[in-house]
Amino acid sequence: MRTYVSAAAVAAAVTAGLSLPASAAAAAPTGGDFNGDGYADLAVGVPDGTVDGKAKAGYVTIVYGGPKGIGAYGSIRVSQATAEVPGSPEAGDRFGASVALLPIGTGGKALLLVGTPGEDITGLGTDVGMVEAVSGTKTGTSSGSVVLDGTTDSAQYGLAVTAADVTGDGNKEIVIGGKDKVVARVAQGEDSMVATVVTAPMGGRAPILATGDFTGDGRADLAVAYRSTTPSTQSHVRIWAWDPAEQAFANTWNTDNTGVSALAAGDFDGDGHDDLALGECREYADENIDDPCGPEALAKGGGIHIHYGAAAGGSFGYRQQTLNQDTAGVAGVAEDADHFGAALAVGDVDHDGRDDLIAGAPGEAIGSRAGAGAATVLYGSAAGLLDAKGTARSAGLQQDTAHVPGVAESGDAFGAALATGDYDHDGRVDLAVGSPGENAGSGGVWFLPRAGAAGSTAFTPAKLHLPSPTSALAFGRYLGGR
């Protein structure tokens, strides 16, 4: 157990060292550069990894980028056994259950945020959870701090983590998901406060977070949903915006009776307003006349439902589109259990000024090999992800695609996690694809330059000289990019 650190001490540490300039992402096209060499890096969370003999203590692997992308330039392993990281590895901590790399300066240097939902804290109980921040050097780590502890037994803070400038003050607030709760550490001048975003029944699962300016007021908003496999009329996707007058988060938009597996924000139609994609969207109440996930037929195998943004004063989400693998122009065929949209990532892959959406389908069958998995790049256009005729433009990727390393095998779950970044620093968006079922569950990650097959490579724990048991590691299930 780790001794409890007071909220005041944590607030001081965060305010002193963890303010994240909101403009840094735009100023640094390389994205999440942990070691400061000018190339984006990839964070791979391995919460089921063993550290110092402690099962599921967990660790994070930072895979360095370079001229050939990620996987060819080494990596480091960060855990609570790392000297600069607070705490110590304990069985079941699950350090790395959520990861993110966030820019902290105009040079593009990135800070690693790590969730540890199984952390026990003296005086509070078990699985209280916490989030830590770790900064890097060219060869390792330089310092670590506790961002926020959970407050009660089984709070599981750290099931999810992200950051965004929700107040419009130029700094990014750190947003933390726990069991049935989402909170944010909000800067208040020299101090900071912990603001509750939402407390709601989330089935005890990790809340799903995405950030974008959905209200058109120049500040980031927070979209919150959760993974749910049991139908419930409590299910929903909600958008929360910071209310400066009330110094609190206000609920500005809802789509009720809706379960999703992923959320992603991007400007898919290039109109300058952020849109929101709901991955593997499913409706949980047949009587709901609002049809929150679009036509029911498009839910087969996993449907993606997009709510488009509008200018300030307009109606966010009024314009909508829905697609699945049976939609014209979308690679593949919709089949039950494909889980199309279970993972989502965003980037301007074709460099046309509009965001594109990458959708993972970890349950996709390749021939007779069930659950081999696939990823699909859905290209944006002036009309969005579908043109005026309802047709998409896409490219399918899987391990049997020409020039993609490996062979599609049952249970690989290729596409279970996705991340984007300019890992080779050529000014174009690259794609990282997790395949946690690879090698009988040891796992692996694929690097796809410019989100295409040409020049693609793969790396596994063994290739990175990490512990590589033949099962249960699931390397590649949790990816954190820019």
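Residues numbered from 1 in each chain as written. Predicted model: local features only at pLDDT ≥ 70, side-chain atom pairs only at ≥ 80, totals over all residues. Heavy atoms only, no water.

Undergrad: Help me out: how do you make sense of the overall build of the protein chain in this one?
TA: A count of helices and strands for the protein chain gives 3 helices and 32 strands. Scored against the burial criterion, the 482 residues of the protein chain give a buried share of 58%. For the protein chain, the exposed surface amounts to about 17200 Å²; the carbon and sulfur share of it is 51%. (Helix = DSSP H or I, 4+ residues; strand = E, 2+ residues; numbered from the N terminus. Buried < 20%, exposed > 50% of the residue type's maximum accessible area, 1.4 Å probe, protein only. Areas by Shrake-Rupley, 256 points an atom, 1.4 Å probe, with all protein chains shown as cover.)

Undergrad: Explain the sheet that holds strand β31 (residues 457-459) here, please?
TA: Across a sheet, paired strands are connected by hydrogen bonds in the backbone, their directions being either parallel or antiparallel. Ordered in space as β28-β29-β30-β31, the 4 strands form an open sheet in which the pairing is antiparallel. The outermost strands of the open sheet, each flanked by one partner alone, are β28 (417-421) and β31. Put simply, the sheet's adjacent strands are angled 20 degrees from each other on average, direction ignored. (Pairing = 2+ DSSP bridges. Axes fitted to C-alpha atoms, helices over the stretch in contact; angles between N-to-C directions.)

Undergrad: Which parts of the structure should I look at to understand the pairing of strand β3 (residues 42-46)?
TA: Regular strands place their side chains on alternate faces of the sheet. Most of β3 sits out of view: 5 of its 5 residues are buried. Neither face of β3 is open: one carries Leu42, Val44 and Val46, the other Ala43 and Gly45, and all of them are buried. Sheet topology note: the β3/strand β4 (residues 59-63) ladder contains 5 bridges and is antiparallel. Looking at β4, one finds that leucine 42 is bridged to valine 63.

Undergrad: Where do I start with the pattern of salt bridges in this structure?
TA: A side chain of one charge can pair with a side chain of the opposite charge when the charged atoms of the two come close. One pass over the structure, following the stated rule, counts 7 salt bridges. Two residues, arginine 319 and aspartate 269, come together in a salt bridge whose shortest N-O distance is 2.8 Å. Highlighted residues: arginine 319 in the loop between β22 (303-307) and β23 (320-323) and aspartate 269 in the loop between β20 (262-266) and β21 (275-283), separated in sequence by 50 residues. One salt bridge in this structure joins aspartate 400 and arginine 369, with 2.9 Å as the shortest N-O distance. Note that aspartate 400 is positioned in the loop between β27 (394-397) and β28 and arginine 369 in the loop between β25 (356-361) and β26 (374-378), a separation of 31 residues in sequence. (Salt bridge = Lys/Arg side-chain N within 4 Å of Asp/Glu carboxyl O.)

Undergrad: Hey, could you run me through the packing of aromatic side chains in this one?
TA: The relative placement of two aromatic rings is captured by the distance of their centres and the angle of their planes. Applying the stated rule across the entire model yields 5 aromatic pairs. Here tryptophan 253 and phenylalanine 316 contribute two aromatic rings whose centre-to-centre distance is 5.2 Å and whose plane-to-plane angle is 85 degrees, an arrangement assigned as edge-to-face. Taken together, the residues tryptophan 253 in strand β18 (residues 248-256) and phenylalanine 316 in the loop between β22 and β23 connect sequence positions 63 residues apart. Judged by centre distance (6.3 Å) and plane angle (75 degrees), the rings of tyrosine 423 and phenylalanine 447 are edge-to-face. On the criterion of sequence distance, the pair formed by tyrosine 423 in the loop between β28 and β29 (430-434) and phenylalanine 447 in strand β30 (residues 445-448) is long-range, its members being 24 residues apart. By relative accessible area, which is 1% here, tyrosine 423 ends up buried. One aromatic cluster in this structure is built from Phe214, Trp253 and Phe316. The ring centre of tyrosine 308 lies 3.9 Å from the NZ or CZ of arginine 319, which sits over that ring. Directly above the ring of tyrosine 379 sits arginine 393, whose terminal nitrogen or CZ lies 4.4 Å from the centroid. (Phe/Tyr/Trp six-rings, centres within 6.5 Å; stacked < 30°, edge-to-face > 60°. Lys NZ or Arg CZ within 6 Å of the ring centre and 35° of its normal.)

Undergrad: What is the right way to read the nonpolar core from this model?
TA: Of all hydrophobic cores here, the largest spans 21 residues; its most connected members are Leu42 and Phe475. Listed by contribution, the elements that provide at least two residues to this core are β3, β4, β28 and β30. Among the elements that take part in this core, β3 stands out by supplying 3 residues, more than any other. By size, the runner-up hydrophobic cluster in this structure holds 20 residues, among which are Ala160, Ala164, Val175 and Val224. (Core = buried A, V, L, I, M, F, W, Y, C linked by side-chain atoms within 4.5 Å.)

Undergrad: Where do I start with unusual backbone geometry in this structure?
TA: For residues besides glycine, phi is generally negative; the peptide bonds are generally trans as well. At asparagine 257, a residue that is not glycine, the phi angle is positive and equals roughly 55 degrees. Structurally, the position occupied by asparagine 257 is in the loop between β18 and β19 (258-259). You will see that alanine 413, though not glycine, has its phi angle at about 60 degrees, which is positive.

Undergrad: Explanation requested: the state of the cysteines in the structure shown.
TA: Covalently bonding the sulfur atom of one cysteine to the sulfur atom of another cysteine gives a disulfide. Enumeration over the complete set of coordinates arrives at 1 disulfide. There is a disulfide in this structure between cysteine 281 and cysteine 293, and the S-S distance comes to 2.0 Å. On the S-S bond that ties cysteine 281 to cysteine 293, the torsion sits near -70 degrees, and the link is left-handed. Separated by 12 residues along the polypeptide, cysteine 281 in strand β21 and cysteine 293 in the loop between β21 and β22 bring together distant segments of the chain. (Disulfide = S-S within 2.5 Å.)

Undergrad: Whenever I open this one, the pairing of β28 confuses me. Can you help?
TA: Burial analysis of β28 places 5 of its 5 residues in the buried class, the great majority of the element. Covered by surrounding structure in β28 are Ala417, Ala419 and Gly421 together with Leu418 and Thr420, the residues of both alternating faces. Pairing of β28 with β29 involves 5 bridges; the strand directions are antiparallel. Pairing of threonine 420 across the sheet is with leucine 431, part of β29.

Undergrad: How should the confidence of the model for the protein chain be read in this particular structure?
TA: Detailed reading of the predicted coordinates is not advisable wherever pLDDT falls low. Averaged over all residues, the pLDDT of the protein chain equals 89, while 89% of them reach at least 70. Segment residues 1-30 is flagged for pLDDT under 50; beyond a separation of four residues in sequence, or across chains, it makes 77 contacts in the model. (pLDDT = per-residue confidence, 0-100. Contact = heavy atoms within 4.5 Å.)

Undergrad: Please explain the side chain of glutamine 399 as it appears in this structure.
TA: In this structure, glutamine 399 sits in the loop between β27 and β28. Relative accessible area serves as the criterion here: at 2%, glutamine 399 is assigned to the buried category. For glutamine 399, the side chain forms a polar contact with the side chain of glutamate 438, separated by 3.3 Å. Beyond its immediate stretch of four places on either side in the chain, glutamine 399 contacts Val404, Pro405, Gly406, Val407, Ala408, Asp412, Phe414, Ser435, Glu438 and Trp446. (Polar contact = N/O pair within 3.5 Å; in protein donor to acceptor, adjacent residues only side chain to side chain.)

Undergrad: Would you mind showing me how to read the sheet that holds β25 here?
TA: Pairing in this open sheet of 4 strands is antiparallel, and the strands run β24-β25-β26-β27 from one edge to the other. Both edges of this open sheet fall to β24 (343-347) and β27, since each of them pairs with a single strand only. If you compare each strand with its neighbour and ignore which way they point, the axes differ by 20 degrees on average. As paired strands, β26 and β27 are joined by 4 bridges and run antiparallel to one another. Opposite threonine 376, over in β27, you have glycine 396 as the bridge partner.

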